[in-house]
Amino acid sequence: MVIPLLPFYATKLGASASIVGVLIAAFSIAQLASAPLWGRFSDHYGRRPALLAGLMISAVAYVIFAYASTLSLLLLCRIVQGLGGGRSASSRPTSPTPATRRNRAKSLGWLSAATSFRSGRRSAIGSALNPFGGGTARIASAIFCVLVSR
């Protein structure tokens, strides 16, 4: 939800185009780095606790992101969001687990399609919330993280 608004928010804080790129990439890099840790956490405590913990980390990061007033705080928030987002790696195995060997590819295909649909929907929601104020989409992201975890 925040990606369409991130460049505008960051440039308002004085970021150059390169810094905006770093802010966008920071999430993915942190997500990649934390995925193995979330996998271990998931193996030890279960998938549900891993997903809930990651969502709560993301929710807190989005609230801080909504009120970030410096580029360094914005970067820190994006990294924490990515660390929380790494939990999605532990949700991937959830889909094919109940599937039979024959339906496993179909199950993973549906998961991939749902993930792509979710990404497009989040961007549309974030753009639609922009006229209500700069922090609205960022707070909505935190609220959605909490709602999804229920």
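The structure this text deals with has already been given above.
Residues numbered from 1 in each chain as written. Predicted model: local features only at pLDDT ≥ 70, side-chain atom pairs only at ≥ 80, totals over all residues. Heavy atoms only, no water.

A. Highlighting the overall build of the protein chain. For the protein chain, the helix and strand inventory stands at seven helices and zero strands. Across the protein chain, helices and strands are ordered from the amino to the carboxyl terminus as α-α-α-α-α-α-α. Per-residue burial for the protein chain yields a buried fraction of 33% across its 150 residues. Excluding contacts between residues fewer than 6 apart, the proportion of contacts in the protein chain whose partners are at least 24 apart in sequence is 72%. For the protein chain, the exposed surface amounts to about 8,700 Å²; the carbon and sulfur share of it is 68%. (Helix = DSSP H or I, 4+ residues; strand = E, 2+ residues; numbered from the N terminus. Buried < 20%, exposed > 50% of the residue type's maximum accessible area, 1.4 Å probe, protein only. Contact = heavy atoms within 4.5 Å. Areas by Shrake-Rupley, 256 points an atom, 1.4 Å probe, with all protein chains shown as cover.)

B. Region of the structure containing helix α2 (residues 17-45). Between its first and last C-alpha atoms α2 spans 41 Å; for 29 residues at 1.5 Å apiece the expected length is 42 Å, and the two agree. Residues of α2 that are buried: V20, L23, A26, F27, A30, S34, A35, W38 and S42. Among the residues trailing α2, G46 stands out with phi positive, at a value near 110°. (Expected span 1.5 Å × (residues − 1).)

C. Up close: the packing of helix α3 (residues 47-66) against helix α4 (residues 71-85). At a minimum axis separation of 8 Å, α3 and α4 run at an interaxial angle of 165°. Here α3 lies roughly antiparallel to α4, going by the angle between them. Where α3 crosses over α4, the handedness of that crossing is left-handed. Across from G54, I57, S58, A61, Y62, I64 and F65 in α3, the residues of α4 making contact are L73, L74, C77, R78, V80, Q81, G84 and G85. Each residue belonging to the contact of α3 with α4 can be placed in one class, and the counts come to nine nonpolar, five polar and one charged. (Axes fitted to C-alpha atoms, helices over the stretch in contact; angles between N-to-C directions. Parallel < 35°, antiparallel > 145°, perpendicular 65-115°, else oblique. Left-handed = near helix turned anticlockwise from the far one by under 90°. Nonpolar A, V, L, I, M, F, W, Y, C, P; charged D, E, K, R; others polar.)

D. Main features of the environment of R87. Structurally, R87 is set in the loop between α4 and α5 (88-91). By relative accessible area, which is 15% here, R87 ends up buried. C-alpha of R87 to C-alpha of F41: the two residues are 46 residues apart in sequence and 9.3 Å apart in space. Excluding its chain neighbours within four sequence positions, the residues that come into contact with R87 are W38, A50, L51, G54, L55 and S58.

E. Region of interest: the nonpolar core. If you look at the biggest cluster of nonpolar residues, it comprises 14 residues, and the most contacted ones within it are L6, Y9, A10, L23, F65 and L74. Those elements that provide at least two residues to this core are α1 (6-12), α2, α3 and α4. When near neighbours in sequence (up to four residues on either side) are disregarded, L23 contacts L6, A10, L71, L74, L75 and R78. (Core = buried A, V, L, I, M, F, W, Y, C linked by side-chain atoms within 4.5 Å.)

F. Summary view of the environment of A25. Assignment of secondary structure puts A25 in helix α2. Sequence separation of A25 and L75 is 50 residues, and the distance between their C-alpha atoms is 10.0 Å.

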